[in-house]
Amino acid sequence: PYTPRYYMEFMERDGWEKWKDAYAYEMPLDVREKMPDGNEEYLGNAYRLAQSHGVTFRSMRRGRGYYEDASAMHDFIFKTMEFDGPEKDEFIEDIGVIRTPFGLPHGIIFAHDGPKMIGVLMALPDYNQILIHLNGKLDLIGCLKALYYWPRVNQGRLVILGALPEYRRKGVAMGLVYLLGKWSRPQDKKKFSRAEMSYVFEDNKASRAICELSGGEICKTYRVYEKRLEAGD
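Novice: Could you give an account of the sheet that holds strand 4 (residues 116-125), naming the residues involved and the relevant values?
Specialist: Pairing in this open sheet of 7 strands is mixed, and the strands run 2-3-4-5-6-1-7 from one edge to the other. If you trace the sheet from one side to the other, it starts and ends with strand 2 (55-59) and strand 7 (217-226), each paired once. For this sheet the average axis-to-axis angle between neighbouring strands, irrespective of direction, equals 20 degrees. Looking at chain direction, strand 5 (residues 155-163) and strand 6 (residues 194-201) are connected through 4 bridges and run parallel. What sits directly across from Leu-158, in strand 6, is Met-197. Against the sheet, helix 4 (residues 66-80) contacts strand 2, strand 3 (108-113), strand 4 and strand 5, and its axis sits at roughly 105 degrees relative to strand 4. The sheet strands contacting helix 8 (residues 172-183) are strand 1 (17-28), strand 2, strand 3, strand 4 and strand 5, and the helix crosses strand 4 at an angle near 40 degrees.

Novice: Account for the packing of aromatic side chains, naming residues and giving values.
Specialist: Any aromatic ring pair is given by two values, namely how distant the centres are and how the planes are angled relative to each other. In the structure shown here, the tally under the stated rule is 12 aromatic pairs. Relative to Phe-57, the ring of Tyr-47 lies with its centre 5.4 Å away and its plane at 45 degrees, an arrangement referred to as tilted. Taken together, the positions of Tyr-47 in helix 3 (residues 39-52) and Phe-57 in strand 2 put the pair 10 residues apart, joining distant regions of the chain. Of the two residues, Tyr-47 and Phe-57, neither departs from the other in class, the shared state being buried. Put simply, the rings of Trp-19, Tyr-199, Phe-201 and Tyr-222 pair up and form one aromatic cluster.

About the criteria used
- Residues numbered from 1 in each chain as written.
- Predicted model: local features only at pLDDT ≥ 70, side-chain atom pairs only at ≥ 80, totals over all residues.
- Heavy atoms only, no water.
- Pairing = 2+ DSSP bridges.
- Helix = DSSP H or I, 4+ residues; strand = E, 2+ residues; numbered from the N terminus.
- Axes fitted to C-alpha atoms, helices over the stretch in contact; angles between N-to-C directions.
- Contact = heavy atoms within 4.5 Å.
- Phe/Tyr/Trp six-rings, centres within 6.5 Å; stacked < 30°, edge-to-face > 60°.
- Buried < 20%, exposed > 50% of the residue type's maximum accessible area, 1.4 Å probe, protein only.

Keep in mind these numbers describe shape, not what the thing actually does.
Written out as structure tokens, the structure is:
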């Protein structure tokens, strides 16, 4: 997404062909002000539909219970949903930032059917808005700079959104997005006005529909190329 368009000519000249495009959506988090007319009610109805099926929602625990929640989330994403990802210990360490002042309190939301985890949403602040000022150094001065620029971070990134297939028509995924918008309103200590959700493959119609219902607009396009190799290549 950050390369000149003529790079595609180089790829195609060398025999590479488009396999699939993926999109990054820019999504408003202030649902009330920026969501297209009627869509807030639509997502709210999806949330209430999920509740009518006995689904409960909660944010991730940041104190006692953090390791239990992080472990369960890892198993759900990388075992139950079968995504590729890091080992459990690495994952738990990586997302530990949510326990610091640089975390997003309601950025990780779980959906449960009884004790069973059936859906998860993970949104993180856009740390690039801080890192750009650190010159690649996280020493004492870098930490002080991070604290200084932290209040200026006004956007996040929706990293993971998923629900078990049997619950996708019960409003679970849309309910998670609805709560992200609701819980990120001004009563929180920080307000994030927008988020990026990426990346979503062009043929993933279900996820694209959720992004667009939430007011998301495509802001970047990633192209994945493929090339058939002959024997001996």
